[in-house]
Amino acid sequence: MIDLRSDTVTKPTEAMRRAMAAAEVGDDVYGEDPTVNLLQERSAEIFGKEAALFVASGTMGNQIAVKVQTRPGDEVIIEERCHIFNYEVGASAITAGVTIRPVRSGDGSGILTWDDIEPAISTDGIYDHTQTGLLCLENTLNLAGGRVMSAERCAELTENAHARHIPVHIDGARIFNAAVAHSTTVADMTKQSDSVQFCLSKGLGAPVGSVLVGSRDLIKEARIWRKRLGGGMRQAGILAAAGLIALEESPKRLHEDHANARVLAEGIAGIPGIAIDIETVETNIVIFDIAGTGRTAGEICDALKEKGVLASGFKSRIRMVTHLDVSRADIERTVVALDQVLTQSPTMSDNRSAAA
Ligand code: TLP
């Protein structure tokens, strides 16, 4: 099976498995796991922040960040396609007691400007307005096809938010992909932000875990919330050992995933009924519209599965994500499989004979 459903599906590499087996461990709830501590120190250093906390998942990292930077009743401003709003099963309403104020990027790209955000802010203290407590940015933006917000834009939005006394959290589940695509560092991509969550278990290929980075005070509070949420993981060094390899080694190869995504996008762009703007494929995510095929995303994904390719269907769109367990040959096979599925479609051939 060529599994393009997500970059979360990667299996640990041999080096990760060896490091896990040999990991020095201790009780991380006591702060005594040397491997977790090392992962946290390296993460803080790489991001240029004071401190870091190893957490079970991206969702946990995001939700703790929302919790520790807001008060119940606050509003969180976020682009409407973001994960925190759409895919974290309403956690912010429960854990932090906040409401989400989704905003749309004016040009539809998902990359917000200050003009998109500014009208949604409420900090005037009038009693019937909800106070804006936090701005969340997602980079890369998953549902916008892995689009990258530049370091400059990110810094500009952060500075403007700070001028209004609003902290900024970055959901950087794929921030290393963003940095590689823009030939810069993750520290540059996230400078001045108050907190960043990044995933070890996506493009970086570790089996489990994310890291939340921020100020010493923020991480101290985050540690309490991690325990409250059941995320105190004891001998978690077994997992952190794989995370350390992911952190140090995997960013070096992300350009391969980006190149594969581009080849995939170019390959499928010519298939009848598929709509895709190749220029928007900047990282490892390829999202294309299949409305023109006359078939549903579910039908196409089922047919692809029979040909050995797994993809995710969202309404009239299909997402394919490249990662370290997908080779260039797999990408070429995928293009052929999709072409066969769609050109063998009775609806497509009907459409074509009608057009002829
Ligand atoms: N994304 C998953 C699904 O939940 C959609 C995927 O397959 O892409 N932020 C972003 C931007 C994400 O894409 C994800 C996971 C998360 C946070 C949550 O990470 P986990 O799954 O570790 O909780």
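Residues numbered from 1 in each chain as written. Predicted model: local features only at pLDDT ≥ 70, side-chain atom pairs only at ≥ 80, totals over all residues. Heavy atoms only, no water.

**Topic: the domain arrangement of the protein chain**
Assigned domains of the protein chain: these are domain 1 (2–249) and domain 2 (253–344). On the domain 2 side, the residues contacting the 28 residues of domain 1 number 28 residues. Of the roughly 2400 Å² buried where domain 1 meets domain 2, counting both sides, 57% is carbon and sulfur surface. At the surface where domain 1 touches domain 2, the tally comes to one salt bridge. Of the charged contacts, one joins Glu282 and Arg147 as a salt bridge, the two residues approaching to 2.8 Å between their closest N and O atoms. (Domains from an automatic or database assignment. Contact = heavy atoms within 4.5 Å. Buried area = accessible area lost by both parts, 1.4 Å probe. Salt bridge = Lys/Arg side-chain N within 4 Å of Asp/Glu carboxyl O.)

**Looking at the packing of helix α1 (residues 14–22) against helix α11 (residues 237–249)**
Orientation of α1 relative to α11, taken along the N-to-C sense of each, is 145°, at an axis distance of 8 Å. Seen from above, α1 lies across α11 with right-handed handedness. Each of Ala15, Met16, Ala19 and Met20 in α1 lies in contact with α11, whose residues at this interface are Ile238, Leu239, Ala241, Ala242, Ile245 and Ala246. Taken together, the residues that form the contact of α1 with α11 break down as ten nonpolar, no polar and no charged. (Axes fitted to C-alpha atoms, helices over the stretch in contact; angles between N-to-C directions. Helix = DSSP H or I, 4+ residues; strand = E, 2+ residues; numbered from the N terminus. Left-handed = near helix turned anticlockwise from the far one by under 90°. Nonpolar A, V, L, I, M, F, W, Y, C, P; charged D, E, K, R; others polar.)

**A closer look at the sheet that holds strand β2 (residues 51–55)**
Pairing is mixed across the open sheet formed by seven strands, whose spatial order is β2-β8-β7-β6-β5-β3-β4. Where the open sheet ends on each side, the last strands, each with one partner, are β2 and β4 (99–103). Taken over all neighbouring pairs, the strand axes of this sheet differ in orientation by 20° on average, direction set aside. Relative to the sheet, helix α2 (residues 34–47) contacts β2, β7 (195–199) and β8 (210–214), its axis offset from that of β2 by approximately 130°. (Pairing = 2+ DSSP bridges.)

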